[in-house]
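# Architecture and fold: a report
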Amino acid sequence: MYKIKNITSEYHQEFNFNFSFGDVLFKLYYSDNLLGWFFSIEYEDLIINNMRLTNFPNILNQFNLVIPFGLTCKTKNGYDAVSRFDFEKGNATLYFLDKQEVNDVLNYELRRMYD
């Protein structure tokens with residue numbers, strides 16, 4: 001897991017990452033009206049716009065066969081990050097997952113469904 005550092009309470013933030021599989025442009029937005037964080041990702045020819053950031057093992061699971069990474073948001077209370085200050089205060093943390101971690105999450109969720 002790669003922790004995304006330096007997330008502040010600013011409404012619009014942009015991060016450029018250079019991973020072994022390629023470059024990722026990650027944009028993070030906060031909405032007062034919708035009480036939550038949203039993000040956009042650009043990777044190679046794929047552009048994902050305005051997805052809500054949720055507390056889920058791999059928020060990008062629907063793109064599992066298209067991209068070699070995932071994204072997870074962990075919060076102290078187990079709920080979605082709804083405060084503009086959640087990341088700054090340490091209540092929420094955001095991580096990129098590599099392909100093996102994406103597969104591990106998927107396998108874990110499948111085992112939970114059938115056990």
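Right, let's walk through the structure included here.

Conventions we followed
Residues numbered from 1 in each chain as written. Predicted model: local features only at pLDDT ≥ 70, side-chain atom pairs only at ≥ 80, totals over all residues. Heavy atoms only, no water. Helix = DSSP H or I, 4+ residues; strand = E, 2+ residues; numbered from the N terminus. Rg over C-alpha atoms; globule rule 2.2 N^0.38 Å. Buried < 20%, exposed > 50% of the residue type's maximum accessible area, 1.4 Å probe, protein only. Contact = heavy atoms within 4.5 Å. Areas by Shrake-Rupley, 256 points an atom, 1.4 Å probe, with all protein chains shown as cover. Lys, Arg positive; Asp, Glu negative; His and termini not counted. Charge placed at Lys NZ, Arg CZ, Asp CG, Glu CD. Pairing = 2+ DSSP bridges. Axes fitted to C-alpha atoms, helices over the stretch in contact; angles between N-to-C directions. Core = buried A, V, L, I, M, F, W, Y, C linked by side-chain atoms within 4.5 Å. Phe/Tyr/Trp six-rings, centres within 6.5 Å; stacked < 30°, edge-to-face > 60°. Salt bridge = Lys/Arg side-chain N within 4 Å of Asp/Glu carboxyl O.

## Focus: the overall build of the protein chain
When its secondary structure is counted, the protein chain shows one helix and seven strands. Taken from N to C terminus, the helices and strands of the protein chain fall in the order β-β-β-β-β-β-β-α. The C-alpha radius of gyration of the protein chain comes to 14 Å, within 12% of the 13 Å expected for a compact globule of 115 residues. Dimensions along the principal axes, computed over C-alpha positions, put the protein chain at roughly 35 × 35 × 20 Å. Out of the 115 residues in the protein chain, the part that is buried amounts to 39%. For the protein chain, the proportion of contacts with a sequence separation of at least 24, taken over those separated by at least 6, is 38%. Of the roughly 7100 Å² that the protein chain leaves accessible, carbon and sulfur atoms contribute 48%. Positive and negative charge centroids in the protein chain, built from 11 and 15 side chains respectively, lie 7 Å apart.

## Here we look at the sheet that holds strand 2 (residues 12-19)
Strand order across the open sheet formed by four strands is 2-3-4-5, with antiparallel pairing between neighbours. Edge positions in the open sheet fall to strand 2 and strand 5 (46-52), since each of these has one partner strand only. The average angle at which neighbouring strand axes cross in this sheet is 15 degrees, direction not considered. In this structure, strand 2 lies alongside strand 3 (residues 22-31), joined through eight bridges in antiparallel fashion. Bridge pairing in strand 3 places F17 opposite V24.

## Things to note about the nonpolar core
Membership of the largest hydrophobic core comes to 28 residues, with the highest contact counts inside it found for F26, F39, I41, L53, L60, L71 and F96. Elements with a minimum of two residues in this core: strand 2, strand 3, strand 4 (36-43), strand 5, strand 6 (69-75) and strand 7 (92-98). Ignoring any residue separated from it by four or fewer positions in sequence, one finds L53 in contact with L28, W37, F38, F39, I59, L71, C73, D80, F87 and L94.

## Topic: the packing of aromatic side chains
In total, this model carries 17 aromatic pairs according to the counting rule given. Ring centres of F19 and F96 lie 5.2 Å apart, and the angle between their planes is 65 degrees; on these two criteria the pair is classed as edge-to-face. Taken together, the residues F19 in strand 2 and F96 in strand 7 connect sequence positions 77 residues apart. One exposure class covers both F19 and F96, and it is buried. When the ring of W37 is compared with that of F87, the centres are 5.4 Å apart and the planes differ by 80 degrees; the resulting orientation is edge-to-face. Linking W37 in strand 4 with F87 in the loop between strand 6 and strand 7, this pair joins segments that are 50 residues apart in sequence.

## Quick look at the pattern of salt bridges
What the rule picks out here adds up to one salt bridge. Of the charged contacts, one joins E42 and K27 as a salt bridge, the two residues approaching to 3.9 Å between their closest N and O atoms. Remark: K27 occurs in strand 3 and E42 occurs in strand 4; sequence separation between them is 15 residues.

All we've got here are geometric facts, nothing functional implied.
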